[in-house]
Amino acid sequence: MTQLIPPLAQKALGDCAAPAPARVVLRERGQREVFCGLTSIMWLHRKMQDAFFLIVGSRTCAHLMQSAAGVMIFAEPRFATAIIEERDLAGMADINEELNKTVSRLLERRPEIKLLFLVGSCPSEVIKLDLGRAAERLSMTYAPRVRILNYSGSGIETTFTQGEDACLTAMVPELPATDDAGLVVVGALADVVEDQFARIFEALGIGPVHFLPSRKAGTMVPVGPNTKFLLAQPWLRDTARTLEARGATHLPALFPLGAEGTTSWLKAAADAFGVSAERFHAVTEMPRARATRALARYNDTLAGKSLFCFPDSQLEIPLARFLSRELGMTLEEVGTPYLHSVHMADELALLPADVRLSEGQDVDLQLDRCREARPDITLCGLGLANPLEDEGLTTKWSIELVFTPIQGYEQCGDLAELFARPLIRRTRLAV
Ligand code: SF4
């Protein structure tokens, strides 16, 4: 099934100014190979240092989390699974009672927890456990010491990055109101990247700047009609909508991947806060030059190589834009699990006119297309990578791009390296 996306808005920034053509998008709704939203707890729990994620799920959910977290051993992890047993499913126990006891034990043992998320899963959804009501009830018991929120990470409703969207959406109604002007950067970023951006905003004279989620639950991120926000990640559709419902304004831009994306993203904030072109140039010139130099090192490896993206994280379109425009790669197919035509408008405008875009997945059909294209590198989930490597294709795990700091000028070289490394490895193996 195909769908036409209407012509895209013009962009007032350098190359973005050309009117974009209508694009044909291949929409597929078949079997898909992607992690559920629980997986996003892997990076959210690292970011929010006094939060805890209590998954209300099955042993399958617990296994997923253990294997996804396999490389990260904490003395006191900040997530756990409250297992719904068979007797709970059969209605033999009052599951709300069990949940009360589990939360009580947890909060007694871990007094440092300031924010507790009850995270729904497929099993809790199937038995229609009302976690919203449970969160309200428990909030009353533990207020003001601990805030308790809920969201769903179920595989029925979410793919792996949408778990973050659901989590942040649950946080927005809790944010304090303000009429003051300010900027909010929305989407979990590695601390090192957050610090770099904070320094650049300060040098530009933009402030106050808040990051959502913040490292500490007690950090207030005020929101109101004079709040402007930048999306740091492309998977935050519902969070953006909830912020807009509170009066905040989204600043459209490229996502901050690569020198071009980072410049566009910062420029959107600079324009909204009245920063002069001279000051913007003075602040960004040096880091942009460093990024360009870092990228030049990967040109020989990546220029002219072809890329095929399976839909996993929603980072695929900004990555394809970066790899094609700043490193000269060619694009066979760019798949995304969900295409937000407004948030992606600037990105889509910069993709080659003839690139095949696909939304959703019918995995067997997409595998056939990939085998036929024989791309130099395939961006895909863990489940597809090994079989494709066996068939002689070179792959890059999409989840790695979510865990690795890749945004901003200083990370441009690292981002290019993530794609160059598997190609170099394969060349060495072939010698
Ligand atoms: S939430 Fe659903 S898809 Fe995710 S691990 Fe649990 S059962 Fe599996």
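Calculation criteria
Residues numbered from 1 in each chain as written. Predicted model: local features only at pLDDT ≥ 70, side-chain atom pairs only at ≥ 80, totals over all residues. Core = buried A, V, L, I, M, F, W, Y, C linked by C-beta atoms within 7 Å. Buried ≥ 20, exposed ≤ 12 C-beta atoms within 10 Å, placed from the backbone. Contact = placed C-beta atoms within 7 Å. Helix = DSSP H or I, 4+ residues; strand = E, 2+ residues; numbered from the N terminus. Expected span 1.5 Å × (residues − 1). Pairing = 2+ DSSP bridges. Near = placed C-beta within 6 Å. Nonpolar A, V, L, I, M, F, W, Y, C, P; charged D, E, K, R; others polar. Axes fitted to C-alpha atoms, helices over the stretch in contact; angles between N-to-C directions. Domains from an automatic or database assignment.

Peer 1: Provide a residue-level description of the nonpolar core, including the pertinent values.
Peer 2: Leu54, Val56, Phe117, Val119, Val186 and Leu230 are the most contacted members of the largest nonpolar core, which totals 116 residues. Other than its neighbours up to four places away in sequence, leucine 54 contacts Ala80, Ala82, Leu106, Leu116, Phe117, Leu118 and Val119.

Peer 1: A description of helix H10 (residues 258–272) should follow, citing residues and the corresponding values.
Peer 2: For H10, built from 15 residues, the straight-helix expectation of 21 Å at 1.5 Å per residue is met to within 8% by its first-to-last C-alpha distance of 22 Å. Of all 15 residues in H10, 12 are buried; the element is thus mostly enclosed.

Peer 1: For the pairing of strand E5 (residues 115–120), give the residues involved together with the corresponding values.
Peer 2: Each regular strand displays side chains that alternate between the two surfaces of the sheet. With 5 of its 6 residues buried, E5 lies for the most part within the structure. Of the strand pairs in this sheet, strand E3 (residues 51–57) and E5 are connected by 6 bridges, and their pairing is parallel. Among the inter-strand pairings, phenylalanine 52 is bridged to a residue of E5, identified as leucine 116.

Peer 1: Quick rundown of the site of the ligand? Include the residues and the values.
Peer 2: By nearness alone, every residue bordering the ligand is listed as Cys36, Leu38, Gly57, Ser58, Thr60, Cys61, Leu64, Ser121, Cys122, Gly153, Ser154 and Gly155. With 3 residues, the top contributor of residues to the shell around the ligand is helix H2 (residues 59–68). A class-by-class count of the residues in the shell around the ligand yields 5 nonpolar, 7 polar and no charged.

Peer 1: An account of the sheet that holds E3 is requested, with residue identities and associated values reported.
Peer 2: In space, the 4 strands of this open sheet follow the order E4-E3-E5-E6, with parallel pairing throughout. The sheet is open, and its two edges are formed by strand E4 (79–83) and strand E6 (147–152), each paired on a single side. Each neighbouring strand pair of the sheet contributes to a mean axis angle of 25 degrees, computed without reference to strand direction. Relative to E6, E5 runs parallel, the two sharing 6 bridges. Along E6, the bridge assignment pairs leucine 116 with isoleucine 148. Across the sheet, helix H7 (residues 162–171) is in contact with E5 and E6; its angle to E6 comes to roughly 140 degrees.

Peer 1: So what about the domain arrangement of the chain? Which residues, and what values?
Peer 2: Each domain of the chain was delimited in the assignment, giving domain 1 (2–33 + 297–430), domain 2 (37–158) and domain 3 (182–293). Between domain 1 and domain 3, the C-alpha centre-to-centre distance is 24 Å. Taken together, the elements giving at least two residues each to the side of domain 1 that touches domain 3 come down to helix H13 (316–327), helix H14 (345–349) and helix H18 (412–430). With 5 residues, the single largest contributor to the side of domain 1 that touches domain 3 is H13. Residues of the side of domain 1 that touches domain 3, tallied by class, amount to 11 nonpolar, 7 polar and 5 charged.

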